[in-house]
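Chains, contacts and geometry: an overview
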Amino acid sequence: MRVLVVEDEPRLAGLLARGLLEAGHTTDVRHNGGDGLLAATVEQYDAVVLDVMLPGLDGLTVCRKLRERGLRVPVLMLTARDAVPDRVAGLDAGADDYLSKPFSFDELLARLRALHRRTTDQADTVLQTGDLRLNPGARQVWRGDTAIELSAREFDILALLMARAGQCVTRYEILNEVWDGETDLRSNVIDVYIASVRAKVDKPFARHAITTLRGAGYRLEPDGG
Ligand code: CA
């Protein structure tokens, strides 16, 4: 299983990451709500372990936004003590299950396995912006009825822009999410890739969906251009 852990408390985040790895699961950790939301939107996870109390966006907001974006990744919410209102709010926000802190790691693993079983036969989710559609699971893109072939990085950039359609996505965020920070901001690699995404997604259709925001980043027009 591929699991995303969103937990700001370093000790607990470290324990979870180590435990999940030892149990054979690939694990990414994010330490605040905004980074967690971005990762869960752009990457494909089999489950998200999401703390409620997070700096920036709290866990409930992250979960609600994921569901608004049509992402059905199973979410296991970590709630404080026996805070019943937290649990109810979590389920209302679209979480699939919750665990109260402190919890046993074995129980966490069991809950994750159960969530995974429950969701494995569900259909893939598709992101849609205007007449642009993108299926993260199948890694397919269409403009209207026309399928578009993109390279892996082009695809990741478009997925990021679509997940945040109508908003500015900074060059730093693109670098972080698509290149894992492996290249640096001074290089023109992002410009090159944006140009090639435009050449495939916009140009053949006489559209201008991707706007350059000078000195800031890029924005995908919410109507798909
Ligand atoms: Ca916390």
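Residues numbered from 1 in each chain as written. Predicted model: local features only at pLDDT ≥ 70, side-chain atom pairs only at ≥ 80, totals over all residues. Heavy atoms only, no water.

Along strand β3 (residues 47-51), five of the five residues are buried, which leaves the element largely enclosed by surrounding structure. Side chains of β3 alternate between two faces, with Ala47, Val49 and Asp51 and Val48 and Leu50 buried alike. Where strand β1 (residues 2-6) lies against β3, four bridges are found, and the strand directions are parallel. Its bridge partner lying in β3, valine 6 is registered against leucine 50. Pairing analysis gives four bridges linking β3 to strand β4 (residues 75-79), with the strands arranged parallel. Paired with valine 49 across the bridge in β4 is leucine 76. With helix α3 (residues 59-68) bridging β3 and its parallel neighbour β4, the resulting β-α-β unit is right-handed. (Buried < 20%, exposed > 50% of the residue type's maximum accessible area, 1.4 Å probe, protein only. Helix = DSSP H or I, 4+ residues; strand = E, 2+ residues; numbered from the N terminus. Pairing = 2+ DSSP bridges. Right-handed = clockwise from strand over helix to strand, strands pointing away.)

Taken together, Asp8 (OD), Asp51 (OD) and Met53 (O) make up the protein donors of the calcium ion, found 2.1 to 2.3 Å from the metal. As a motif over one chain, the donors of the calcium ion read D-x42-D-x1-M. In this pair, aspartate 8 sits in the loop between β1 and α1 (10-22) while aspartate 51 sits in strand β3, placing the two residues 43 residues apart along the sequence. Taking the relative accessible area as the measure of exposure, aspartate 8 reaches 31% and is therefore partly exposed. (Donors = N, O, S within 2.8 Å, 3.2 Å for Na, K, Ca; no water.)

Tallied over the full model, the rule gives 15 salt bridges. Two residues, lysine 101 and aspartate 51, come together in a salt bridge whose shortest N-O distance is 3.1 Å. Of this pair, lysine 101 sits in the loop between β5 (97-100) and α5 (105-119) while aspartate 51 is found in strand β3, placing the two residues 50 residues apart along the sequence. Residue class for lysine 101 comes out partly exposed when judged on its relative accessible area of 23%. For arginine 139, the salt bridge identified is with aspartate 156, shortest N-O distance 2.9 Å. Here the residue arginine 139 occupies a position in the loop between β7 (132-135) and β8 (140-143), and aspartate 156 occupies one in helix α6 (residues 152-163), the gap between them amounting to 17 residues. Within this structure, Asp131, Arg143, Asp202 and Arg207 form a network of salt bridges that share partners. (Salt bridge = Lys/Arg side-chain N within 4 Å of Asp/Glu carboxyl O.)

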